[in-house]
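# Descriptive structure summary
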Amino acid sequence: MTENPIVNSYLRLFELMPIQFKVDLIAGLSQSLKKQLPTTPIVNKQLLFEELKGVWKDRDDDLEQIIIDSRTISDREINLD
């Protein structure tokens, strides 16, 4: 129990409920809390995109070739039977 009498009375009421009522109540409270959570503004996403744009400009022009050359191809046979 808590020091808050209102919370305590809800907890006592909650203890007396059938399990399905408890599950439904918790689901409803969760949905209510999710609606109250702040969402990430699109402005922040746009700002992040602007900050990331051009981060590769300092890389060598041959970066694409480096990636291609680093790939390995296996010639072993795999039996999936």
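Further up the page is the structure itself.
Below: a short report on this structure. This one's a predicted model, so the numbers in the text were calculated from it and none came from an experiment. (Residues numbered from 1 in each chain as written. Predicted model: local features only at pLDDT ≥ 70, side-chain atom pairs only at ≥ 80, totals over all residues. Heavy atoms only, no water.)

## Some points on the overall build of the chain
So the rule is basically this: Counting from the N terminus, the helices are DSSP H or I runs at least four residues long and the strands are E runs at least two residues long. Throughout, radius of gyration means the C-alpha value; the globule benchmark is 2.2 Å times the number of residues raised to the power 0.38. A simple rule labels every residue: compare its accessible area, found with a 1.4 Å probe on the protein chains alone, to the largest value its type can have, and call it buried under 20%, exposed over 50%, or partly exposed in between. Asp and Glu count as negative and Lys and Arg as positive, but His and the ends of the chain are not part of the count. Taken as the charge centre is NZ of Lys, CZ of Arg, CG of Asp or CD of Glu, depending on the residue.
For the chain, the helix and strand inventory stands at four helices and zero strands. Overall, the chain shows an N-to-C arrangement of helices and strands of α-α-α-α. Over its C-alpha atoms the chain spans a radius of gyration of 28 Å, topping by over 25% the 12 Å that the globule rule assigns to 81 residues. Seen through its C-alpha atoms, the chain measures out along the principal axes to roughly 70 × 50 × 20 Å. A buried classification covers 2% of the 81 residues belonging to the chain. Taking the average location of the 10 positive side-chain charges in the chain and that of its 14 negative ones, the two points are 13 Å from each other.

## Regarding the packing of aromatic side chains
Under the convention used in this document: Classification of ring pairs uses Phe, Tyr and Trp, with its six-membered ring standing for Trp, and accepts pairs whose centres are within 6.5 Å; under 30 degrees between planes counts as stacked, over 60 as edge-to-face, and the remaining range as tilted. Either the NZ atom of lysine or the CZ atom of arginine qualifies as a charge over a ring when it sits within 6 Å of the ring centre and within 35 degrees of the ring normal.
If you walk through the whole model with that rule in mind, you get zero aromatic pairs. A cation sits over an aromatic face here: Lys22 above Phe14, 5.4 Å from the ring centre.

## Here we look at a nonpolar patch on the surface
Going by this rule: Patch building starts from residues that exceed 30% relative accessible area and form no salt bridge, then joins like charges within 9 Å and nonpolar side chains (Val, Leu, Ile, Met, Phe, Trp, Tyr) within 5 Å. Surface accessibility in these figures is a Shrake-Rupley result with a 1.4 Å probe; residues are shielded only by whichever protein chains are displayed. When a carboxyl oxygen of Asp or Glu is within 4 Å of a side-chain nitrogen of Lys or Arg, the pair counts as a salt bridge.
Residues Met1, Val7 and Leu11 make up a contiguous nonpolar surface patch of about 270 Å² in total accessible area. Counting through the fold element by element, Val7 comes out in helix 1 (residues 5–16). Overall, the relative accessible area of 33% leaves Val7 in the partly exposed class.

## Some thoughts on the side chain of Asn8
Examined against the element boundaries, Asn8 turns out to sit in helix 1. For Asn8, a relative accessible area of 12% translates into the label buried.

## So, the side chain of Lys22
We count it as follows: Whether two residues touch is decided by their heavy atoms; if any such pair falls within 4.5 Å, the residues are in contact.
By the element assignment, Lys22 lies in helix 2 (residues 19–36). The side chain of Lys22 is buried and forms no salt bridge, while Glu15, the nearest opposite charge, is found at 7.8 Å. Those residues in contact with Lys22 that lie beyond four places of it in its chain are Phe14, Glu15 and Met17.

## Here's the deal with helix 1
Using the following cut-off: Each helix should span, by expectation, one fewer than its residue count multiplied by 1.5 Å. Under this definition, polar contacts are N or O atom pairs within 3.5 Å; protein pairs additionally need one hydrogen-donor-capable and one acceptor-capable atom, and for neighbouring residues in sequence, both atoms have to be side-chain atoms.
End to end, helix 1 covers 17 Å across 12 residues, agreeing with the expected 16 Å (1.5 Å per residue, within 8%). Two or three places before Ile6, at the start of helix 1, stands the capping residue Asn4, its side-chain oxygen 2.9 Å from that residue's backbone nitrogen.

## Looking at the environment of Arg71
Among the secondary structure elements, Arg71 is positioned in the segment after helix 4 (63–70). The spacing of Arg71 and Ala27 is 44 residues in sequence and 48 Å in space, taken between C-alpha atoms.

Shape is all these values report; function is a separate question.
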